[in-house]
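Residues per chain are reported as follows:
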Amino acid sequence: MGTRNWAGNVTFRAARVESPSSIDELRALVTAHRRVRVVGSGHSFSAIADTDGLLLSLAGLPRIIELDTGNTENTDRPAVWVDGGIRYSQLCRQLDDLGYALHNLGSLPHISVAGSIATGTHGSGDANGNLATAVSALEIVTADGDLVELSRERDGDLFAGAVVALGSLGVVTRLRLDVRPTFDVRQQVYEDLAFDTVLERFDDIFGSAYSVSAFTPWRRRAIDLLWLKRHAADPWDPHEPAFGARPADGPRHPVPGMPTEACTDQLGAAGPWYARLPHFRPDFTPSVGDELQSEYLIPRRHATSALRELAGIRDRIAPALQVCEIRTMAGDELWTSPSHGRPTVGLHFTWVPDEATVLPVVTAIEERLAPFEARPHWGKLFTVAPETVRSRYPRIDDFAGLARRFDPDGKFRNDFVDRYVF
């Protein structure tokens, strides 16, 4: 692990960087240091993982993939225990070999499970909660080195506050994730979806497949690519247009002009869930970090109004943009989840790697989205004022109280958390 994040826009200030190889070593490190933060795969574009103390990577911990098929706390829901350093790319194939699947995945399989969950990273699908909604239990090393386990069944509302924890309760060493029987998916890409059709038929479009993504570089008033990920058993005609958009005649990359080898198989070829729900393959680096990212999560009821506002400034957005992705996800009850309490639409922006160019455009977008209760993704680049961020989370004060209860001396806090939570 280096001293910078994946994109290179954040240089960690850590006085010491460690990657423990055991839980005992991890507990000793936590106990010995005044300030501690954990970095996952480094795919956050904000300073959420930064610290001036000890920066921990959990990548060196022993991998854990252990099925729990219903003997825990009288639940008959199958689940899997995983370690706090595992990445989705390390988990999913082995989970599929055991006959199980996760309900949702992000665009990148390269990201860490615990880090994705801690920041409310989401994946997509009308009926799919974000990645954190799969968590049914977690184990944490607290500030004094103790191991504490929390579960959905036993701890109820408190557990709902502890899942998307922004790294502020302790170090997550294990997680129990709900799983379901494995399933196959077909992925088909369509081109040139009329923007007015999206406004008129938003619910039909985003409810038409298990997972749906729409991509536009905002260079024109149109959606360049519509990605539909369907259950393989669902009826499908490869030659049939979708909402007036024509089937692509070959593989496509979300970013115009980029090579498609890094993308998961398209053209309707059936394959396992883990090889279709992400946009990118785990054995390819989808880019070299030459990008910045922002994302705003808005209530679904505001989707078309928000898109109209963005279309009104597309001439300002496009020069700084590589591509914008539109996705949907189900609401949840996790206190600091960007989807808390509401079905949600994600407006994701992949920018050119130039903060001086990008930040004024980010601010302009935030001004346009302000009437729509937009919540910035915790791990992305944003300029929304801290008091505004806090006002958009009804349980933020409860979460601050929970963090103080677990970590009264603020060992796991940092400037980012202090600014936006406390």
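The structure this text deals with has already been given above.
Residues numbered from 1 in each chain as written. Predicted model: local features only at pLDDT ≥ 70, side-chain atom pairs only at ≥ 80, totals over all residues. Heavy atoms only, no water.

Below, the discussion takes up the overall build of the chain. If you tally the helices and strands in the chain, you get twelve helices and 19 strands. A principal-axis box enclosing the C-alpha atoms of the chain has dimensions of 60 × 45 × 35 Å. In the chain, 72% of the contacts between residues at least 6 apart in sequence involve partners at least 24 apart. Of note, the chain has its 45 positive side-chain charges centred 3 Å away from the centre of its 56 negative side-chain charges. (Helix = DSSP H or I, 4+ residues; strand = E, 2+ residues; numbered from the N terminus. Contact = heavy atoms within 4.5 Å. Lys, Arg positive; Asp, Glu negative; His and termini not counted. Charge placed at Lys NZ, Arg CZ, Asp CG, Glu CD.)

Before going further, it helps to spend a moment on unusual backbone geometry. For L166, which is not a glycine, the phi torsion comes out positive at approximately 55°. Turning to its location among the elements, L166 is positioned in the loop between α4 (152-162) and β9 (171-178). With relative accessibility at 1%, the residue L166 sits in the buried group. The backbone phi angle of F243 is positive, close to 55°, even though this residue is not glycine. (Buried < 20%, exposed > 50% of the residue type's maximum accessible area, 1.4 Å probe, protein only.)

Aromatic ring pairs are reported here in terms of the distance separating the ring centres and the angle at which the planes meet. Applying the stated criterion across every chain, the model contains 13 aromatic pairs. An aromatic cluster is defined as three or more aromatic residues linked by ring pairs; in this entry it consists of W378, F382, Y393, F416 and Y420. Its guanidinium or amino end placed over the ring of W81, R174 lies 4.0 Å from that ring's centre, counting from NZ or CZ. Sitting above the plane of the F422 ring, R413 keeps its charged end 3.6 Å from the centroid. (Phe/Tyr/Trp six-rings, centres within 6.5 Å; stacked < 30°, edge-to-face > 60°. Lys NZ or Arg CZ within 6 Å of the ring centre and 35° of its normal.)

Let's shift gears to the state of the cysteines. Under the criterion given, the structure shown has zero disulfides. Looking at the unpaired C92, the closest cysteine sulfur is the one in C263, lying at 18 Å. We note that C324 lacks a disulfide partner, and the nearest cysteine sulfur, in C263, lies 17 Å from it. (Disulfide = S-S within 2.5 Å.)

This part takes up the pattern of salt bridges. One pass over the structure, following the stated rule, counts 31 salt bridges. Notably, a salt bridge pairs R174 with E139, separated by 3.7 Å at the nearest N-O pair. With R174 in strand β9 and E139 in strand β7 (residues 135-141), this pair connects stretches of sequence that are 35 residues apart. Assigned by exposure class, R174 and E139 land together as buried. Between R252 and E191 there is a salt bridge, with its nearest N and O atoms 2.7 Å apart. In this pair, R252 sits in the loop between β14 (246-247) and β15 (271-272) while E191 sits in strand β11 (residues 184-194), placing the two residues 61 residues apart along the sequence. Look at the salt bridges and you will find they share partners, linking E191, D192, R220, D224, R246, D249 and R252 into a network. (Salt bridge = Lys/Arg side-chain N within 4 Å of Asp/Glu carboxyl O.)

Before going further, it helps to examine the nonpolar core. In this structure, W273 and W351 are the most contacted members of the largest nonpolar core, which totals 114 residues. Formed by twelve residues, the second largest nonpolar core is a distinct cluster that contains V36, L56, L58 and F412. (Core = buried A, V, L, I, M, F, W, Y, C linked by side-chain atoms within 4.5 Å.)

Let us now look at helix α7 (residues 303-311). For α7, the set of buried residues is A303, A306, L307, L310 and A311. When α7 is viewed along its axis, its buried side chains cluster within an angular range of 140° and face the same direction. (Arc of directions from axis to C-beta.)

Pairing is parallel in the open sheet, where three strands are placed in the order β1-β3-β2. In this open sheet, the two edge strands, each paired with only one partner strand, are β1 (16-18) and β2 (36-39). Strand-to-strand twist in this sheet, taken as the mean axis angle between neighbours without regard to direction, amounts to 25°. Sheet analysis places β1 next to strand β3 (residues 54-57), joined by three bridges and oriented parallel. Bridging across to β3, E18 finds its partner in L56. Of the strands in this sheet, β1, β2 and β3 touch helix α1 (residues 23-32), which is tilted by about 165° from β3. (Pairing = 2+ DSSP bridges. Axes fitted to C-alpha atoms, helices over the stretch in contact; angles between N-to-C directions.)

Within the secondary structure layout, D184 lies in strand β11. Separated by 49 residues in sequence, D184 and A233 have C-alpha atoms that sit 7.9 Å apart. Residues within four places of D184 in sequence aside, it is in contact with R230, H231, A232, G271, P272 and W273.

In this section: the pairing of strand β12 (residues 211-216). With six of six residues buried, β12 is to be regarded as a mostly interior element. In the sheet, β12 pairs with strand β13 (residues 222-231) via five bridges, with the strands oriented antiparallel. Directly across from S213, in β13, lies its bridge partner W227. Between the antiparallel neighbours β12 and β13 lie five residues, among them W218 with a positive phi of about 60°. Relative to strand β17 (residues 321-329), β12 is paired through three bridges, and the arrangement is antiparallel. Its bridge partner being in β17, F215 is matched across the sheet by E325.

The next subject is the sheet that holds strand β4 (residues 65-68). The antiparallel open sheet is built from five strands, whose spatial order is β4-β5-β9-β7-β8. Taken across any chain shown, the strands that pair with only one partner, and hence form the sheet edges, are β4 and β8 (147-151). Adjacent strand axes in the sheet meet at a mean angle of 20° when their direction is disregarded. Of the strand pairs in this sheet, β7 and β8 are connected by five bridges, and their pairing is antiparallel.

So, about the side chain of D83. Along the chain, D83 falls in strand β5 (residues 79-83). Only 2.8 Å separates the side chain of D83 from the backbone nitrogen of I64, close enough to count as a polar contact. Separated by 2.9 Å, the side chain of D83 and the backbone nitrogen of G85 make a polar contact. When residues no more than four places from it in sequence are discounted, the contact partners of D83 are P62, R63, I64, T173, R174 and L175. (Polar contact = N/O pair within 3.5 Å; in protein donor to acceptor, adjacent residues only side chain to side chain.)

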